[in-house]
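# Notes for the structure review
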Amino acid sequence: KTGVERFQYDFSKIYDPYPKQRAFHASCAPFAFLGGAAGPGKTLCEIVEQMVACNEFGDPLQAKQVHTLLLRRTHPKLEQTVITRFREKIPKELYRSYNEAKKVVEWLNGATTHFGSMQYEHNAWDYQGQWFHIGYDELCEFTFKQLMATSAWNRCPVSPHTRKYGSGNPIGVGAGWVKKLFVDHVPCDEMDDTQRLAYKPADYDYFP
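Since the structure is predicted, the reported quantities are computational estimates derived from the model, not experimental observations.

## Description of the packing of aromatic side chains
Aromatic ring pairs: the centre-centre distance and the angle between the two ring planes describe each pair. Evaluated as defined, the whole model comprises 18 aromatic pairs. Summarising the aromatic geometry, the rings of phenylalanine 86 and tryptophan 107 are spaced 6.5 Å apart at their centres and angled 90° between planes, so their arrangement reads as edge-to-face. Of this pair, phenylalanine 86 sits in helix α4 (residues 75-89) while tryptophan 107 is found in strand β4 (residues 104-107), placing the two residues 21 residues apart along the sequence. A relative accessible area of 0% places phenylalanine 86 in the buried class. Judged by its relative accessible area of 1%, tryptophan 107 is buried. Between the aromatic rings of phenylalanine 182 and tyrosine 204, the centroid separation amounts to 5.2 Å while the plane-to-plane angle is 70°, which identifies the pairing as edge-to-face. Linking phenylalanine 182 in helix α6 (residues 175-184) with tyrosine 204 in strand β8 (residues 204-207), this pair joins segments that are 22 residues apart in sequence. Of the two residues examined, phenylalanine 182 and tyrosine 204, each falls in the buried class. Through pairs of rings, three or more aromatic residues link up here, namely Phe31, Phe33, Phe182, Tyr199, Tyr204 and Tyr206. The positively charged end of arginine 163 is found above the aromatic ring belonging to phenylalanine 24, 5.3 Å away from the centroid.

Now the structure itself:
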């Protein structure tokens, strides 16, 4: 077979996005940030974004080259939020398997979603050698260096839509740089001269 079997599923039973979440999903900006207080479903929104990216291709030869990565700053928080929400909300009929040890979801077409943590800046190298569509749950808990450290892996050989995005509350060690880049649309203090010159406000979409 050259493709995978398709079937209809009423996804609105588990996910009915708000207008700002719909806009987040529709964004083509290289970077995007979904802000807000606790409770409106930001984590689930990111999980769905990764699921959609993984299921863009029906051809298994293309799909197996598609990988996404959803990060939380620490492993305990990853378990408590991202993985818990995935287990609660995503029906098992929508994916082939979930590897508990590796924290990897294999979707029906062979694409994969990886759940990971990045407690320290050097942990970005844990993902070297792979390509990813990358999300940061609670982005304000990360440093600017942790956002940029994964740039080499933020690519895909078959999809032109790879990007980085995050969601979160306006608190944490990264709240300052997140506000400047996404809300104020100015370069942040953590940027070097080259990054400041390359900064384009239109590349940073904000959805409050």
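From this point, the discussion proceeds with the structure in view.
## Here we look at the nonpolar core
Core analysis: the largest hydrophobic core is formed by 30 residues, its most contacted members being Phe86, Ile90, Trp107 and Phe115. When contributions to this core are tallied by element, the ones reaching two or more residues are β1 (31-35), α2 (42-54), α4, β3 (95-99) and β4. Per-element tally for this core: the top contributor is α2, with six residues. The contacts of tryptophan 107, once residues within four sequence positions are left out, are Met51, Cys54, Asn55, Phe86, Ile90, Leu94, Tyr95, Arg96, Thr112 and Thr113. Counting residues in hydrophobic clusters, the runner-up holds 25 residues, among them Met118, Leu147, Phe182 and Met191.

## As for the side chain of glutamine 21
Tracing the sequence through the fold places glutamine 21 in helix α1 (residues 19-26). The exposure class assigned to glutamine 21 is buried, which follows from its relative accessible area of 5%.

## A word on the pairing of strand β5 (residues 112-117)
Taking burial as the measure, the six residues of β5 include six buried ones, the bulk of the element. Relative to β5, β4 runs antiparallel, the two being bridged by three bridges. Note that in β5 the partner of valine 105 across the bridge is threonine 113. In this antiparallel pair of consecutive strands, β4 and β5, the connection spans four residues, and glycine 110 shows a positive phi of 100°.

Cut-offs and rules
- Residues numbered from 1 in each chain as written.
- Predicted model: local features only at pLDDT ≥ 70, side-chain atom pairs only at ≥ 80, totals over all residues.
- Heavy atoms only, no water.
- Phe/Tyr/Trp six-rings, centres within 6.5 Å; stacked < 30°, edge-to-face > 60°.
- Helix = DSSP H or I, 4+ residues; strand = E, 2+ residues; numbered from the N terminus.
- Buried < 20%, exposed > 50% of the residue type's maximum accessible area, 1.4 Å probe, protein only.
- Lys NZ or Arg CZ within 6 Å of the ring centre and 35° of its normal.
- Core = buried A, V, L, I, M, F, W, Y, C linked by side-chain atoms within 4.5 Å.
- Contact = heavy atoms within 4.5 Å.
- Pairing = 2+ DSSP bridges.

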